[in-house]
Amino acid sequence: IKELNSKGIGGILDFLGEGVRDAAGANAAATDYLNAIRRIDETKVDTTVSVKLTQLGLSFDKGSCIDHLRVLTAEAQAIGAVVEIDMEQSEYVSDTLDVYRVLQADFPELRLAMQAYMRRTPVDLQMMAGMRPKVRLVKGAYAESESVAFQKRMEIDAQYVWLTDWLFQQGRDPALATHDFKLIQHAKSAAANAGLPKDSYEIQMLYGVRRDLQEQLSRQGHRVRTYVPYGSAW
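These notes cover the structure that comes with them. Quick caveat: nothing in here was measured; it's all calculated off a predicted structure.

1. Here's the deal with the packing of aromatic side chains
Each aromatic ring pair is summarised here by two numbers: the centre-to-centre distance and the angle between the ring planes. Using the criterion set out here, one finds three aromatic pairs in the structure. Geometrically, the ring pair formed by F168 and Y201 is edge-to-face, given 5.3 Å between the ring centres and 80° between the ring planes. One end of the pair, F168, is in helix α6 (residues 153-170); the other, Y201, is in the loop between α7 (181-193) and β7 (202-206), and 33 residues separate them in sequence. Y201 matches F168 in its accessibility class, with the two residues each being buried. Grouping aromatic residues by their ring pairs yields a cluster made of F15, Y33 and Y230. Stacked on the ring of Y207, the Lys or Arg R211 has its end atom at 5.1 Å from the ring centre.

2. Side note on the environment of L72
Looking at the element boundaries, L72 is found in helix α3 (residues 62-78). Separated by 10 residues in sequence, L72 and V82 have C-alpha atoms that sit 9.7 Å apart.

3. Notes on helix α8 (residues 211-219)
All buried positions along α8 are accounted for by L213, Q214, L217 and S218. What you see down the axis of α8 is that its buried residues fit within an arc of 135°, all on one side. Next to the buried residues of α8 lie α7, β7 and β8 (223-230). Residue G221 follows α8 closely and has a positive phi angle near 95°.

4. Comments concerning the pattern of salt bridges
Considering all chains together, one arrives at 26 salt bridges under this definition. Measuring nitrogen to oxygen at the nearest pair gives 2.9 Å for the salt bridge that ties K44 to D41. Residue classification places D41 among the partly exposed positions, given a relative accessible area of 32%. Between E84 and R136 there is a salt bridge, with its nearest N and O atoms 2.8 Å apart. Of this pair, E84 sits in strand β3 (residues 83-85) while R136 sits in strand β5 (residues 134-138), and the two are 52 residues apart along the sequence. For E84, a relative accessible area of 1% puts it in the buried group. Accessibility expressed as a relative area gives 3% for R136, which makes it buried.

5. A word on the environment of T73
Position of T73 relative to the elements: it lies in helix α3. For the pair T73 and A113, spaced 40 residues apart in sequence, the C-alpha to C-alpha distance is 16 Å. Among residues more than four places away in sequence, those in contact with T73 are V83, F107 and L110. A distance of 2.7 Å separates a polar side-chain atom of T73 from the backbone oxygen of L69.

6. Some points on the nonpolar core
Core analysis: the biggest nonpolar cluster contains 66 residues, and L53, L56, L69, L112, M114 and L125 have the highest contact counts within it. Counting residues per element, this core draws most heavily on helix α2 (residues 23-43), at seven residues. Residues contacting L112, with those up to four places away along its chain left out, are I85, M87, T96, L97, Y100, M128, K134, V135 and R136.

7. A closer look at the layout of surface pockets
By volume, the largest pocket is sized at about 600 Å³. Looking at the lining of the largest pocket, the elements with two or more residues in it are β1 (10-15), β4 (111-115), β5, β7 and β8. Looking at which element gives the most residues to the lining of the largest pocket, the answer is β7, with three residues. Counted by class, the lining of the largest pocket contains 13 nonpolar, five polar and seven charged residues.

8. Considering the sheet that holds β1
Strands sit in the order β1-β2-β3-β4-β5-β6-β7-β8 around a closed barrel of eight strands; the barrel is parallel. Strand after strand, the sheet turns through a mean of 25° between neighbouring axes, direction not considered. As judged from the six bridges shared by β1 and β8, these two strands associate in the parallel manner. Following the sheet pairing, D14 is matched in β8 by P229. Lying over the sheet, α6 contacts β5 and β6 (175-177), oriented at roughly 165° with respect to β5.

The rules behind these values
- Residues numbered from 1 in each chain as written.
- Predicted model: local features only at pLDDT ≥ 70, side-chain atom pairs only at ≥ 80, totals over all residues.
- Heavy atoms only, no water.
- Phe/Tyr/Trp six-rings, centres within 6.5 Å; stacked < 30°, edge-to-face > 60°.
- Helix = DSSP H or I, 4+ residues; strand = E, 2+ residues; numbered from the N terminus.
- Buried < 20%, exposed > 50% of the residue type's maximum accessible area, 1.4 Å probe, protein only.
- Lys NZ or Arg CZ within 6 Å of the ring centre and 35° of its normal.
- Arc of directions from axis to C-beta.
- Contact = heavy atoms within 4.5 Å.
- Salt bridge = Lys/Arg side-chain N within 4 Å of Asp/Glu carboxyl O.
- Polar contact = N/O pair within 3.5 Å; in protein donor to acceptor, adjacent residues only side chain to side chain.
- Core = buried A, V, L, I, M, F, W, Y, C linked by side-chain atoms within 4.5 Å.
- 1 Å grid on protein atoms, 1.4 Å probe; cavity = no way out; pocket = protein on both sides within 12 Å on 5 of 7 lines; lining within 4 Å.
- Points joined across faces, edges and corners; volume = space filled by probe spheres on them.
- Nonpolar A, V, L, I, M, F, W, Y, C, P; charged D, E, K, R; others polar.
- Pairing = 2+ DSSP bridges.
- Axes fitted to C-alpha atoms, helices over the stretch in contact; angles between N-to-C directions.

Below, the structure is given as structure tokens:
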């Protein structure tokens, strides 16, 4: 991440692992994230921290998951860092939204990933309009049935475009997570149409994917972050 920073690109630190099924596993993951946040403070690298809630026990103890996330978000806020909540399979969407709503009032910089291929996403966002949520918009990577998620690229891209426009009008500091040049160009146009400067939003990509485009966008003055996973749970 320090090397990325030298090129004007921020990091998104992601400790691999999800679907934890016991308190010991959730506690261990929370401890690892806490250590990572402290290392961010020590090294002064520019990075956010991305968390999967099932890693913190969402699937078996939502209250404990909220407690873990509250501690991590408070620690991050204290050092000027930001926590981002990953979105997982459709069965966890409602609970993930609940957790975000609980904590967003106390931690307005908390960011939430939303998946463009989910049919429910426009409604979910509209329900949060009053909060002006900070959202990372992704296409979605989990295998889902056609009843809950679009399957065709054309449909997913169309909803991504619609959601991008919504985020510039009703959200706050949107992050567009995509390597698709056409969708990035649309984000630039959406920002201009909303009268917003290029530093009013973020473009996020995966480590090692389209490095040329990441560096080009950074040189052009765009805020770019790269998702950097680590750990043994590949």
